[in-house]
Amino acid sequence: MSETSTTGGVFRSIALAALLISLGNIASRLLGLVREPIIAAYFSRGLAVDAFTLAWTIPNALYELLVSGAVSAALVPVFSEYAERDRDEFWYVVSTVITLACTVLVIASAILAWQAPLAIALLTRPTESALQAEAVALVGWLLPAVTLMGISGIVTAILHAQRQFLLPAFVAAAFNAGMIVGIVTLAPHVGVKSLAAGTLIGAAAQLIIQLPGLRRAHIRPRFDLRHPAVRRILRLYAPVTLGIGFSLIGVTIDRWLASGFPAAISTMRFATTLIQFPLGLVASAVALAVLPTLSRQSAAGDEEAFRTTLAMGLKVVLLLILPATAGLAALGQPITATLFERGAFQAQDTAITALALLAYLPGLPAAAIDQMLLFAFYARKNTLTPNLIQGAAILCYLVVAIPLAEWTSLGFLGLVLGNSAQWIGHAIITAWLLQRSLPLNGLRLGEAIIKGIMASGVMAGAVSGITILTQPLPPLVQVIVAGSAGVFIYALLAMRLRLEAATFFVETIRRRLHRSH
């Protein structure tokens, strides 16, 4: 088999995995776009949602620290190698990791439940006693979800290592569906506690949906910390805890600062929902699909294949994230109104949320590219460098956020701009350091960026014009008409400019259609 056909097969395999993950992400993000408007309709912006968001910060931080960061950085790379070799040894390692994770998660959750008042006090300004009391009351409801989420995350790594992407792709969708059920069913009776109950239902659902993938698993309680694979996982993950520690410091500072502005935390939450939709749909799908292939190519020492795969992943991300950013900038107001403006969420809430969305957008392309670059480091078993970068990125946030939020009239919007600066700074430093160890010259990335910006800019101008012309129409009609026109214009420009990623997808589809006939 020729090298070209082998490379094409790898790309097609990645494309199929990315498609499955994208379908799951679409379901998740759509359900997320149902969940957040439901929260907004019941509670709007203000104390209740601010308190829940603060309370969820604690168990979510525990999950990120102990499991989430390990999935891509350590579990998938190590599990992938064992999955290709001895199956009995693979399940032995998996059993040990699950036993260790469950033990640590249960103990840590109990400690946090005990010290919930202290944890919440670190996240809020001393003057916000009402917010603190409401948040502390919710922490105990949320912590049981952490163990379920932790086991679910490990199961995701197990299935990804075996190149099973279908069930894990819908984990986040199951979580959002569970939250929706909890909120709609319980909000009229228990108020904001329905958000915590929904979180617990969602955590259970995301584990249950993956269990069919383990029907042939051989998992038994194990506690073998001396196993070489376990030690490798811990060595790979140790630097990640440094990066997550920096992230937690950043989140703590951000929450503390935001707690001093009325309804700031909930406003940032709703605006972030709109940012996370394209970020999860594009960056997460492509990066997760590419990671196992990059891990195998790195283990085989095939640097050229690694460079080519990474470059194609970056080009696909650029192809999709640049027009998404431009589209959100042009349609921010009508999109926000369409999704959120009902029930307790009024026109003035739409206006301030749309402004927050606009302030987040400069960092969106950087955050998308950054995820792919981080996974490239992880695939090469380098987890220290990308996590040290997080410390420098927090400095970028502080330099921008504190002066703008505290010393200008921007208020909490200065914190949002600080978040954008943090994403941009992190991406720039990561790209520079990766380029030093893995030169990406000659792979046409600069061309992809320039052409993508050109096409997205033209599309944004056209969409803005259509939005102005359709101003008298309802926001939903504006979004449909202008958004559809924008998709058509960008697709046409992408093909006319011969964007490599767009051409690759078109050719792949043509080959599939040709084979079906």
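Residues numbered from 1 in each chain as written. Predicted model: local features only at pLDDT ≥ 70, side-chain atom pairs only at ≥ 80, totals over all residues. Heavy atoms only, no water.

**Observations regarding the environment of glycine 46**
Reasoning step 1: Examined against the element boundaries, glycine 46 turns out to sit in the loop between helix H1 (3–43) and helix H2 (47–83).
Reasoning step 2: Residue class for glycine 46 comes out buried when judged on its relative accessible area of 14%.
Reasoning step 3: Between the C-alpha atoms of glycine 46 and threonine 185, which are 139 residues apart in sequence, the distance is 21 Å.
Reasoning step 4: Apart from the residues within four sequence positions on either side, glycine 46 is in contact with Ala263 and Ser266. (Helix = DSSP H or I, 4+ residues; strand = E, 2+ residues; numbered from the N terminus. Buried < 20%, exposed > 50% of the residue type's maximum accessible area, 1.4 Å probe, protein only. Contact = heavy atoms within 4.5 Å.)

**Description of the layout of surface pockets**
Reasoning step 1: Approximately 360 Å³ is the volume attributed to the second largest pocket.
Reasoning step 2: Taken together, 15 residues form the lining of the second largest pocket, with Leu314, Ile369, Leu373, Ala431 and Ile449 sitting closest to its centre.
Reasoning step 3: For the lining of the second largest pocket, the secondary-structure elements that each account for two or more residues are helix H12 (303–340), helix H14 (364–379), helix H16 (413–437) and helix H17 (445–469).
Reasoning step 4: Here the residues of the lining of the second largest pocket are counted per class, giving 13 nonpolar, two polar and no charged. (1 Å grid on protein atoms, 1.4 Å probe; cavity = no way out; pocket = protein on both sides within 12 Å on 5 of 7 lines; lining within 4 Å. Points joined across faces, edges and corners; volume = space filled by probe spheres on them. Nonpolar A, V, L, I, M, F, W, Y, C, P; charged D, E, K, R; others polar.)

**Section: the pattern of salt bridges**
Reasoning step 1: Here the structure, examined in full by the defined rule, presents six salt bridges.
Reasoning step 2: The partner of aspartate 349 in a salt bridge is arginine 45, and the shortest N-O contact between them spans 2.8 Å. In this pair, aspartate 349 is assigned in helix H13 (residues 347–360) and arginine 45 in the loop between H1 and H2, connecting sequence segments 304 residues apart.
Reasoning step 3: By relative accessible area, arginine 45 is classed as partly exposed at 22%. (Salt bridge = Lys/Arg side-chain N within 4 Å of Asp/Glu carboxyl O.)

**Side note on the packing of H12 against H13**
Reasoning step 1: With their axes 9 Å apart at the nearest point, H12 and H13 run at an angle of 150° to one another. Our classification of the angle between H12 and H13 gives roughly antiparallel. Crossing hand, H12 versus H13: right-handed. For the pair H12 and H13, contact is made by Leu328, Ala329, Gly332, Gln333, Thr336 and Ala337 and by Thr350, Ala351, Thr353, Ala354, Leu357 and Leu358, respectively.
Reasoning step 2: Taken together, the residues of the contact of H12 with H13 sort by class into seven nonpolar, five polar and no charged. (Axes fitted to C-alpha atoms, helices over the stretch in contact; angles between N-to-C directions. Parallel < 35°, antiparallel > 145°, perpendicular 65-115°, else oblique. Left-handed = near helix turned anticlockwise from the far one by under 90°.)

**Quick notes on the packing of aromatic side chains**
Reasoning step 1: Evaluation of the coordinates by the stated rule reveals seven aromatic pairs.
Reasoning step 2: Look at tyrosine 42 and phenylalanine 43: their rings are 6.1 Å apart centre to centre, the planes differ by 45°, and that puts the pair in the tilted class.
Reasoning step 3: Given the relative accessible area of 38%, tyrosine 42 is considered partly exposed.
Reasoning step 4: Ring geometry for tyrosine 360 versus tryptophan 423: centroids 5.9 Å apart, planes at 25°, classification stacked. Taken together, the residues tyrosine 360 in helix H13 and tryptophan 423 in helix H16 connect sequence positions 63 residues apart.
Reasoning step 5: Among the aromatic residues, ring-to-ring pairing joins Phe79, Phe90 and Trp91 into one connected group.
Reasoning step 6: We note arginine 380 situated over the ring of phenylalanine 306; from NZ or CZ to the ring centre the distance is 5.2 Å. (Phe/Tyr/Trp six-rings, centres within 6.5 Å; stacked < 30°, edge-to-face > 60°. Lys NZ or Arg CZ within 6 Å of the ring centre and 35° of its normal.)

**Things to note about unusual backbone geometry**
Reasoning step 1: Even without being a glycine, serine 44 presents a positive backbone phi close to 55°.
Reasoning step 2: Here serine 44 shows up in the loop between H1 and H2.
Reasoning step 3: Positive phi, normally seen in glycine, also occurs at arginine 498, with a value near 55°.
Reasoning step 4: Mapped onto the elements of the fold, arginine 498 is located in the loop between helix H18 (475–496) and helix H19 (500–516).
Reasoning step 5: Of the residues examined, arginine 498 reaches a relative accessible area of 63% and is grouped as exposed.

**Things to note about the confidence of the model for the chain**
Reasoning step 1: Put simply, the chain has an average pLDDT of 85, and 92% of its residues get 70 or more.
Reasoning step 2: Per-element averaging of pLDDT across the chain places H19 at the bottom with 63 and H13 at the top with 95. (pLDDT = per-residue confidence, 0-100.)

**What about the side chain of serine 152?**
Reasoning step 1: Within the secondary structure, serine 152 is located in helix H6 (residues 144–161).
Reasoning step 2: By relative accessible area, which is 1% here, serine 152 ends up buried.
Reasoning step 3: In contact with serine 152, not counting residues within four places along its chain, are Val171, Gln206, Leu207 and Gln210.

**Quick word on helix H9 (residues 193–208)**
Structural remark: α-helix, 3.6 residues per turn; residues separated by three or four positions point the same way.
Reasoning step 1: When the terminal C-alpha atoms of H9 are compared, their 23 Å separation across 16 residues agrees well with the 22 Å that a helix rising 1.5 Å per residue should span.
Reasoning step 2: Turning to H9, its buried residues are Ser194, Leu195, Ala196, Ala197, Gly198, Thr199, Gly202, Ala203, Gln206 and Leu207. (Expected span 1.5 Å × (residues − 1).)

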